[in-house]
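Listed below are the residues making up each chain.
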Amino acid sequence: MTQKLNVAIVGLGFGAEFIPIYQRHPNTNMYAICQRTPEKLNAIGDAFGVEKRYTDFDELLKDEQVDIVHINSPIHNHAEQSLKALNAGKHVACTVPMATSVEECKAIVEATRRTGKKYMMMETVVYSREFLFVKELYEKGELGKVQFLKASHQQDMDGWPGYWPGLPPMHYATHCVGPVAGLLQLQAEYVSCFGSGTIREELHQYYNSPFAIESAHIKFKGSDLSALVYRSLFDVARQYRESFEVYGSKKSFEWSLIEGEEHVIHTAKKPEHEIPEKVEVPDYAHYLPEEIQRFTTQGVYDIDENQHLSFVQGSGHGGSHPHLVHEFVDAIIKNREPFPNAEQSANWTCVGILAHESALKGGEIMYLPDF
């Protein structure tokens, strides 16, 4: 394939991590960057040799040369910018979450249908090496019948700027919802969530949300499976952890308790002391074009003086970034649906939005809309 798609990246904090991947992908041209602050825009543009630069998102969308807009702006801009880009005839990749309301999610899904453009929420965990490892076990039949799924995302966000203080835990839930829904391509049907504990009072004012931890049970449509996900952001003592666990009839996978330790596989019907076995999860760079394989283990933010908090705490997001880029680009070129597509992204995002509503109502069951 020789087709080259022109990519524009919006937001150059975490977004800069993707610039060298697009520059080296065989089917993309790293065409333009967009950042409100001219000094930062020019510093990044000069560092990576990107000539086309915008400080105004609306001006970027007028550029007919742009095929793809990859959005890495603050959460509350995601829906508005995604909708503007889709309506301007651009394919859209957007960092998580898709939006901040059910209505916004519905609008984005509708916009993809009306415009025929592709949308993909760039959920890192479903392209992490751990998820790809468990997916491989499942597809080979080694897990047997999957019986239960569990995931967590615990993070200390004290000191994060802007809109982060006091954020309800489930408003940023896709890192744990994505893998439990994505492994078997399941659609969440309804959710029940409880809040637990209380964050300090000065954090309540931002979102009227008191909970230290929110834990939600998800029931999947047309399946006998349910999943448990839990989140914390403030006033909970815990090392950063994005965990994903699957319990099958033949084998189960459990995430390590401490970052950097090996994960565990449990195998049924062995002598009790032989059931658990530590496992080294392999890298999956071989799934990718050779030109971007190196980005599963290194990236922009490896340099000590240039570390981005999400990259430090997230341990490089499990090598997911080049997989995300390749999935989206490949879907456009082959005119197929990316994973996750707009409907799946909306379902995963709305699990978190409605889970928080459930927690505020004492665990009331909340049904997800059909997308």
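Predicted model, so just to flag it, every value in this text is computed and none were measured.

Caption draft 1: Main features of helix α11 (residues 342-360). The end-to-end C-alpha distance of α11 is 27 Å, a good match for the 27 Å that 19 residues give at a rise of 1.5 Å each. α11 sits mainly inside the fold: 15 of its 19 residues count as buried. Its side-chain oxygen 3.2 Å from the backbone nitrogen of Glu343, Asn341 forms the N-cap of α11.

Caption draft 2: Seen up close, unusual backbone geometry. Cis geometry marks the peptide bond from Val96 to Pro97, where omega comes out at -10°. Within the fold, Pro97 resides in the loop between β5 (91-94) and α5 (102-115). A cis geometry characterises the amide bond from Phe339 onward to Pro340, with omega recorded as -5°. A positive phi is found at Asn208, a non-glycine position, where the angle reads about 55°. Examined against the element boundaries, Asn208 turns out to sit in the loop between α8 (204-207) and β9 (213-220). Within the chain, Lys269 stands out as a residue other than glycine whose phi angle is a positive 70°. Here Lys269 is to be found in the loop between β13 (263-267) and β14 (276-279). Look at Lys269 and you get exposed, because its relative accessible area is 84%.

Caption draft 3: Main features of the pairing of strand β4 (residues 68-71). Judged by which residues are buried, β4 turns out to be covered on both faces: Ile68 and His70 on one side and Val69 and Ile71 on the other are all buried. As judged from the four bridges shared by strand β1 (residues 5-10) and β4, these two strands associate in the parallel manner. What sits directly across from Val7, in β4, is Ile68. Two elements, β4 and β5, share four bridges in a ladder whose sense is parallel. When the sheet's bridge partners are listed, Val69 is paired in β5 with Val92. Handedness of the β4-helix α4 (residues 78-87)-β5 crossover: right-handed.

Caption draft 4: Seen up close, the sheet that holds strand β11 (residues 241-248). Pairing is mixed across the open sheet formed by nine strands, whose spatial order is β14-β13-β12-β11-β7-β10-β9-β8-β15. At either margin of the open sheet sits one strand with a lone partner, and together these are β14 and β15 (366-367). Taken together, the two bridges between β11 and strand β12 (residues 251-254) define a ladder with antiparallel strand orientation. Following the sheet pairing, Tyr247 is matched in β12 by Ser252. This element, helix α7 (residues 174-182), spans β7 (146-154), β9, β10 (226-232) and β11 of the sheet and lies at about 165° to β7.

Caption draft 5: Summary view of the packing of aromatic side chains. Inspection of the entire model under this criterion finds 11 aromatic pairs. Summarising the aromatic geometry, the rings of Phe14 and Phe18 are spaced 5.4 Å apart at their centres and angled 85° between planes, so their arrangement reads as edge-to-face. For Phe18, a relative accessible area of 1% gives the class buried. With a centroid separation of 6.1 Å and 65° between ring planes, the pair formed by Phe133 and Phe253 is classed as edge-to-face.

Caption draft 6: Representation of the sheet that holds strand β6 (residues 119-121) within the structure. Pairing within the open sheet is parallel, and its six strands lie in the order β3-β2-β1-β4-β5-β6. Every interior strand has two partners, whereas the edge strands, β3 (52-54) and β6, have only one. The sheet shows a mean angle of 20° between the axes of neighbouring strands, direction not considered. When strand β2 (residues 28-34) meets β3, the two strands line up parallel, connected through three bridges. Across the sheet, Cys34 pairs through a bridge with Tyr54, a residue of β3. Sheet strands touched by α4: β1, β4, β5 and β6. Its angle to β5, the strand with the most contacts, is close to 160°.

Each value, and the rule that gives it
Residues numbered from 1 in each chain as written. Predicted model: local features only at pLDDT ≥ 70, side-chain atom pairs only at ≥ 80, totals over all residues. Heavy atoms only, no water. Helix = DSSP H or I, 4+ residues; strand = E, 2+ residues; numbered from the N terminus. Expected span 1.5 Å × (residues − 1). Buried < 20%, exposed > 50% of the residue type's maximum accessible area, 1.4 Å probe, protein only. Polar contact = N/O pair within 3.5 Å; in protein donor to acceptor, adjacent residues only side chain to side chain. Pairing = 2+ DSSP bridges. Right-handed = clockwise from strand over helix to strand, strands pointing away. Contact = heavy atoms within 4.5 Å. Axes fitted to C-alpha atoms, helices over the stretch in contact; angles between N-to-C directions. Phe/Tyr/Trp six-rings, centres within 6.5 Å; stacked < 30°, edge-to-face > 60°.

In short, shape yes, function no, at least from these values alone.
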